[in-house]
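Descriptive analysis of the structure
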Amino acid sequence: MNKKKRRLDKKSSRTAGFICMYRAASYLEKNPYYKSDDYVAPMLLPHLVKFFVKLRLVDFRWPIFPKGIYEYVIARTKYIDELFRKELEKGIDQILIMGAGFDTRAIRFENINRSTTIYELDSVHTQKAKIRQLRERGISSPGSTIYIPVDFNTESPADKIKETAFDPSKKTLFLMEGLIMYLTNEAVTTLFGLLSDLASSGSIVVFDYIYASVLRRENSCYGEKSIYGKVNSVNEAWQFGIENGGVEGFAKSFGFTLVRNLTPADLERTYFTDNDNNPTGRVNGTHCIAHLEK
């Protein structure tokens, strides 16, 4: 493991904060292709930041921001929102969100949650920052939510989960949004080995990942250079990637079946194409979303 001190060792994740800003800006959009439903995200922003975002004094499509990442976050949010809602409506037993950051789905979908327990795992500093923001904004955490602090690179998520009422025999939706690219190879192997043990038949795993070529600095993807530089500049460097075309084999090695692999082109077709097949936005080319089942 890299011995250099990471930001997460002492502070909340800056990238989690950026994602919250992107979701807030997306909710405030008037363009239907850019608008998503995270109405809680604007409430979590510092007041000055919210002022700038709301009045469009800052626009995440400007060239100073990594190309296509705003669009990617919007597409990822919409895809996972859809899945989250569907599984709650079906009455799934448990949802386990690893690297939850400022995820607000437990709050936003509380009205359709009949009996699903939602577990949120993240670094202690990021999780404390989220809980503090919710409290200061007068936003109640649903009783169905259980917070679990963990450092995925140095601590065992298994030990942390065992301290809760999580039941491996029950069907579970596992979400890892913007997580595994920040972990070491060893941590990813340990994490997916744990998922294999925790996932009962019919359980679902959804995660996003970057292409391994990005770590080699091949600069073959749209927006790759700008986003790679950004994550390194905030001391939250990417460490893990999957080769293009390799996610099915990766899933099989842990006992999962690949249901769907959404590439940047897939996300553009689904979320940023109008009725006449014209593009309405371009998604950063470094990330994909994988949907697995046990």
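Overview of the structure. (Residues numbered from 1 in each chain as written. Predicted model: local features only at pLDDT ≥ 70, side-chain atom pairs only at ≥ 80, totals over all residues. Heavy atoms only, no water.)

Here we look at the sheet that holds strand β3 (residues 145-149)
In space, the seven strands of this open sheet follow the order β3-β2-β1-β4-β5-β7-β6, with mixed pairing throughout. Strand pairing shows two members of the sheet lacking a second neighbour, β3 and β6 (257-262), which therefore form its edges. Between one strand and the next, the sheet's axes are offset by a mean angle of 15°, whatever the strand orientation. Pairing of β6 with strand β7 (residues 287-293) involves five bridges; the strand directions are antiparallel. Bridge pairing in β7 places N261 opposite A290. (Pairing = 2+ DSSP bridges. Helix = DSSP H or I, 4+ residues; strand = E, 2+ residues; numbered from the N terminus. Axes fitted to C-alpha atoms, helices over the stretch in contact; angles between N-to-C directions.)

Quick word on the packing of aromatic side chains
Inspection of the entire model under this criterion finds 19 aromatic pairs. Their ring planes at 65° and their centres at 5.2 Å tell us that F250 and F254 sit as a pair that is edge-to-face. One aromatic cluster is present, built from ring pairs that chain together F192, F207, Y209, Y211, F240, F250 and F254. Above the ring of Y27, the side-chain terminus of K35 is found at 4.3 Å from the ring centroid. Here the basic side chain of R61 rests over the ring of Y34, its NZ or CZ set 4.3 Å away from the ring centre. (Phe/Tyr/Trp six-rings, centres within 6.5 Å; stacked < 30°, edge-to-face > 60°. Lys NZ or Arg CZ within 6 Å of the ring centre and 35° of its normal.)

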